[in-house]
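Chain residues, written in single-letter form:
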Amino acid sequence: MKEREIVIGHRLGLHARAAARLVQLSTNFQSNIVLFRADSNNPVEADARSILSVLLLSAAFGSKVSVRADGVDEDQALESICEYLTG
Amino acid sequence: MKESERFIHGVVASVGAAIGRALRSFDPLFVSFNSKVRPDQVRKEVERFRGSVEKSREQLKRMQSQLKRKTGPESSFLIDAHLLVLQDRLFADRIIDKIENEQINSEWAIQQVSEDLFQAYDRLNDDYLRERRGDLEDIVRRLLHNLQSNPLPSFKKLPYDAILIGKVVPPSMLFELRSQRVVGLATETGSPLSHTAIMARSLEIPAVVGAPELADVSSGDMLIVDGDRALVIVFPSDETLNEYKNRKHDEKISKKKGGAVTSAPSVTEDRVRISLGANINFSEEVRAAITIGCESIGLYRTEFDFFREGKQPDEESLVADYSIVLKSAKGAPVTFRTIDVGIDQKSWDGVNMNLGVRGLRFCLENTDVFKKQLRSLYRASVFGPMRILLPFVSTVDDLDAAHQILAEVRQELDLKHLAYDPGVPIGVMIETPAAAQTCDLMASRVDFFCLGTNDLIQYYLVVDRSDRSVVHLYNPFHPAILRCLHQVYTLLHPTGKPVTVCGEMAADPPSAAVLLGLGFTSLSVNLAAYPRIKRMIRSVSYAQLRDLAGQILKMQKPREVEEKVRATVYRP
């Protein structure tokens, strides 16, 4: 299992377009990928393959998000998801 | 008895005007029959649900490919989000779980699962994201329809032009009904950021949103949606109807003459090139502007990012913002206007901000804020061509003070060895009467000018645009305005400094034609008005408009001017 904390670099945060792209990107990997808000008192978890849960994460521009990948391709998954999220 | 005319105010989502009868979009959401399913029927019920998902997916795919063909890739991403919801674990799998475990029918399961999700959306602390609730509603509506054996209601036999109204109108409904005599849209809730609004703009359907008083309007009521004035007129009088019918007729002629515009060059009938840029408020719009063929971002209003969420961003995130804008512009030059506070707003103590500390005045009093923004702009300048525009300048002294600060900022960057383009052009807005009268005195101190007609008209005619009791006096065809613009042109033309007109006067075809006639060959308009202005440009003769300007400068009344201009621009 690999985990990394990043800062959302998309100007409008993880909104419709960015969220849709993230979900499409995540389905390219076999690993389970989970995001959670590192800066929130109420750490909600979001499945990166579920657009509804990604939207409900409500991650605005500049918010801190932890990405956790678990599976055979966790390194590549983490790398490419983090690269996308930081913009 | 004929009902009397009534005006409902809302927010503009898409420009243009439409006349038609109200068609209330009924909400089939949750008007479904809930029932238990016999244990031996559960598998069949799951299949029924899967069938409806499959059918919905096919419909959406078809819609997406039509949308791509019709409007380009810009709005087809809206459908991506819907397709992803259909295959979402949180959604479809949970519904199937419910059907299986609670032995209930699909409708009931959909209702329960989506109700949970709606509540989660409503708790979000973010306007933009709360709007996304609409996407989910849209999908749920589609699934429920597809579960019924009877197909989606057909509006094919609509006997009249219809204006869709409702608390919300889902984007897919607008798209599906576009060819069936739906000519306009007005909703009680929603914002210009909603997907329905984006869809309306892509389809060039006039739309007003956020007008709660629409709740009293019923299907069949006569309506006019005016997306230029943020207005819905209920039971319009014959006089009003005629006025709008003439406008529609005029626009039709212009549409026919201008043809398809996205890739067409912005040149007049007599081959004079007119530079046409876009006015932008948020970086997301930049990509859309480039997609529809904009060659420059003529005005990027920076105050929206700057005061986003009520707090000021730090320098690093500003640099990031501005470089994203420049990268998305793909080499098209971007004119960043430094923060202008107080536009169209009264300050907390009721003082009219329009006559107070605005634009550059604010920046010169808050040099820390101003310097931070200028440093960020300069640092981003390595990512693409940019220009810096100073708003609300009224004296040459202000301009000298601004130049002093600009020089200090460049010095700081040199000391820190930070890369920037030292040749970024610096310009000023002409939007105060003082600047209009003295722009020639400013010319040696700047590289370019932008003409902000909204404020200029407001100050010249002493009309506060936010005051409903005088707003009808706001008129770009007033001889005072024509003379002022003519004077600005005459003062600036010999200096050779470029001038772009970026106020709303440039966004309405007849008044934009006046600007061309007065000699201004560079305009910048909001995205929604972009197609119609390009169409106007392509359908007029520059030489003829120059002649026309000579005539209208001698006229006495705004009304005469407007009629004369319309007759020329919209000649059949």
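Residues numbered from 1 in each chain as written. Chains lettered and ligands numbered in written order. Predicted model: local features only at pLDDT ≥ 70, side-chain atom pairs only at ≥ 80, totals over all residues.

1. Comments concerning the overall build of chain B
Moving on, step 1. Assigned secondary structure in chain B consists of 22 helices and 16 strands.
Moving on, step 2. The buried share of chain B, reckoned over its 572 residues, is 44%.
Moving on, step 3. Taking the contacts inside chain B whose residues are at least 6 apart along the sequence as the reference set, 69% of them involve residues at least 24 apart. (Helix = DSSP H or I, 4+ residues; strand = E, 2+ residues; numbered from the N terminus. Buried ≥ 20, exposed ≤ 12 C-beta atoms within 10 Å, placed from the backbone. Contact = placed C-beta atoms within 7 Å.)

2. A closer look at the overall build of chain A
Moving on, step 1. Assigned secondary structure in chain A consists of three helices and four strands.
Moving on, step 2. Beginning at the N terminus, the succession of helices and strands in chain A can be written as β-α-β-β-α-β-α.
Moving on, step 3. In chain A, the proportion of contacts linking residues at least 24 apart, taken out of those at least 6 apart, comes to 71%.

3. Regarding helix 3 (residues 89–102) of chain B
Residues and elements named next belong to chain B.
Moving on, step 1. Its 14 residues give helix 3 an end-to-end C-alpha distance of 18 Å, which sits within 8% of 20 Å, the value for a rise of 1.5 Å per residue.
Moving on, step 2. Taken residue by residue, helix 3 has Leu 90, Phe 91, Ile 95 and Ile 99 as its buried positions. Along the axis of helix 3, the buried residues cluster in a sector spanning 150 degrees; they form a single face. (Expected span 1.5 Å × (residues − 1). Arc of directions from axis to C-beta.)

4. Structural notes on the environment of B:Val140
Moving on, step 1. On the secondary structure map, B:Val140 appears in helix 6 (residues 133–147).
Moving on, step 2. Distance in space between the C-alpha atoms of B:Val140 and B:Gln111 is 8.2 Å, their sequence separation being 29 residues.

5. Some words on the sheet that holds strand 1 (residues 2–7) of chain A
Backbone hydrogen bonds hold the strands of a sheet together, and the pairing may be parallel or antiparallel.
All names here are of chain A.
Moving on, step 1. Spatially, four strands are ordered 1-4-2-3 in an open sheet, and the strand pairing comes out antiparallel. In this open sheet, the two edge strands, each paired with only one partner strand, are strand 1 and strand 3 (45–47). Strand after strand, the sheet turns through a mean of 25 degrees between neighbouring axes, direction not considered.
Moving on, step 2. Note that strand 1 and strand 4 (residues 64–70) share six bridges and pair antiparallel. For Lys 2, the partnering residue across the bridge sits in strand 4 and is Ala 69. (Pairing = 2+ DSSP bridges. Axes fitted to C-alpha atoms, helices over the stretch in contact; angles between N-to-C directions.)

6. Observations concerning helix 19 (residues 509–517) of chain B
Residues and elements named next belong to chain B.
Moving on, step 1. With respect to burial, helix 19 is a largely interior element, nine of its nine residues being buried.
Moving on, step 2. Along helix 19, the positions that sit buried rather than exposed are Pro 509, Pro 510, Ser 511, Ala 512, Ala 513, Val 514, Leu 515, Leu 516 and Gly 517.
Moving on, step 3. Directly after helix 19, the chain includes Gly 519, whose backbone phi takes a positive value near 110 degrees.

7. Some thoughts on unusual backbone geometry
Residue and element names in this part refer to chain B.
Moving on, step 1. Even without being glycine, Phe 235 reaches a positive phi, approximately 45 degrees.
Moving on, step 2. If you trace the backbone, Phe 235 turns up in the loop between strand 8 (231–234) and helix 9 (238–258).
Moving on, step 3. Residue classification places Phe 235 among the partly exposed positions, given that 16 C-beta atoms sit within 10 Å.
Moving on, step 4. With phi around 50 degrees, Lys 330 is a residue other than glycine that occupies positive phi space.
Moving on, step 5. Inspection of the secondary structure assignment puts Lys 330 in the loop between helix 12 (315–328) and strand 11 (334–337).

8. Thoughts on the packing of helix 19 of chain B against helix 20 (residues 530–539) of chain B
Residue and element names in this part refer to chain B.
Moving on, step 1. Contact geometry of helix 19 with helix 20 gives a least axis separation of 10 Å together with a crossing angle of 50 degrees. Taken together, helix 19 and helix 20 sit at an angle that is classed as oblique. Remark: the crossing between helix 19 and helix 20 carries right-handed chirality. Taking contact as the criterion, the partners of Pro 509, Ala 512 and Ala 513 in helix 19 are, on helix 20, Arg 532, Ile 533 and Met 536. (Parallel < 35°, antiparallel > 145°, perpendicular 65-115°, else oblique. Left-handed = near helix turned anticlockwise from the far one by under 90°.)

9. Quick look at the interface of chain A and chain B
Moving on, step 1. Between chain A and chain B, the contact holds 19 residues from the first and 23 residues from the second.
Moving on, step 2. Contributions of two or more residues to the side of chain A that touches chain B are made by helix 1 (16–26) and helix 2 (51–56) of chain A.
Moving on, step 3. Broken down by element, the residue count for the side of chain A that touches chain B peaks at five residues, all from helix 2 of chain A.
Moving on, step 4. Residue composition of the side of chain A that touches chain B, by class: nine nonpolar, six polar and four charged. (Nonpolar A, V, L, I, M, F, W, Y, C, P; charged D, E, K, R; others polar.)

10. Things to note about the environment of B:Leu231
All names here are of chain B.
Moving on, step 1. One can find Leu 231 in strand 8.
Moving on, step 2. Among the residues examined, Leu 231 registers 18 C-beta atoms within 10 Å and is labelled partly exposed.
Moving on, step 3. In sequence terms Leu 231 and Ala 186 are 45 residues apart; their C-alpha atoms lie 9.4 Å from each other.
Moving on, step 4. Leu 231 has contacts with Phe 7, His 9, Val 208 and Asp 226, leaving out every residue within four places of it along the chain.

11. Observations concerning the pairing of strand 14 (residues 448–451) of chain B
All names here are of chain B.
Moving on, step 1. Strand direction decides the pairing type here: strand 13 (residues 426–430) and strand 14, joined by four bridges, are parallel. The residue bridging Gly 427 from the neighbouring strand is Phe 448, located in strand 14.
Moving on, step 2. A crossover connection joins strand 13 to the parallel strand 14 through helix 16 (residues 433–442); in handedness this β-α-β unit is right-handed. (Right-handed = clockwise from strand over helix to strand, strands pointing away.)

12. Comments concerning the pairing of strand 7 (residues 222–226) of chain B
Residue and element names in this part refer to chain B.
Moving on, step 1. When you tally the buried positions in strand 7, you get four out of five residues, the bulk of the element.
Moving on, step 2. Inspection of the sheet shows strand 3 (residues 17–24) paired to strand 7 by five bridges, in the antiparallel sense. Looking at the pairing, Ala 17 lines up with Asp 226 of strand 7.
Moving on, step 3. Here four bridges tie strand 7 to strand 8, and the two strands are oriented antiparallel to one another. Bridge pairing links Leu 223 to Val 234 in strand 8.

13. Some thoughts on the packing of helix 21 (residues 542–552) of chain B against helix 22 (residues 558–569) of chain B
Residue and element names in this part refer to chain B.
Moving on, step 1. It is at 11 Å that the axes of helix 21 and helix 22 come closest, and there the two elements cross at 165 degrees. On the basis of the axis angle, helix 21 is roughly antiparallel to helix 22. Helix 22 is crossed by helix 21, and the crossing has right-handed handedness. Packed against helix 21, whose contacting residues are Gln 544, Leu 548, Gln 551 and Ile 552, the element helix 22 presents Val 561, Lys 564, Val 565 and Thr 568 at the interface.
Moving on, step 2. Looking at the contact of helix 21 with helix 22 residue by residue, the class counts come to four nonpolar, three polar and one charged.

14. Some details on the sheet that holds strand 8 of chain B
Residue and element names in this part refer to chain B.
Moving on, step 1. Across the sheet, which stays open at both edges, the eight strands sit in the order 1-8-7-3-4-5-6-2 with mixed pairing between neighbours. The sheet is open, and its two borders are formed by strand 1 (6–9) and strand 2 (11–14), each paired with just one other strand. Within this sheet the neighbouring strands show an average axis-to-axis angle of 30 degrees, counted without direction.
Moving on, step 2. Its contacts with the sheet place helix 8 (residues 195–202) against strand 2, strand 5 (182–187) and strand 6 (207–209), and it is angled at close to 55 degrees to strand 2.

15. As for the confidence of the model for chain B
Keep in mind that low pLDDT regions are not for reading the predicted coordinates in detail.
Moving on, step 1. The pLDDT averaged across chain B works out to 84; a share of 87% of its residues lies at or above 70.
Moving on, step 2. Confidence metrics for the complex model read pTM 0.60 and ipTM 0.79. (pLDDT = per-residue confidence, 0-100.)

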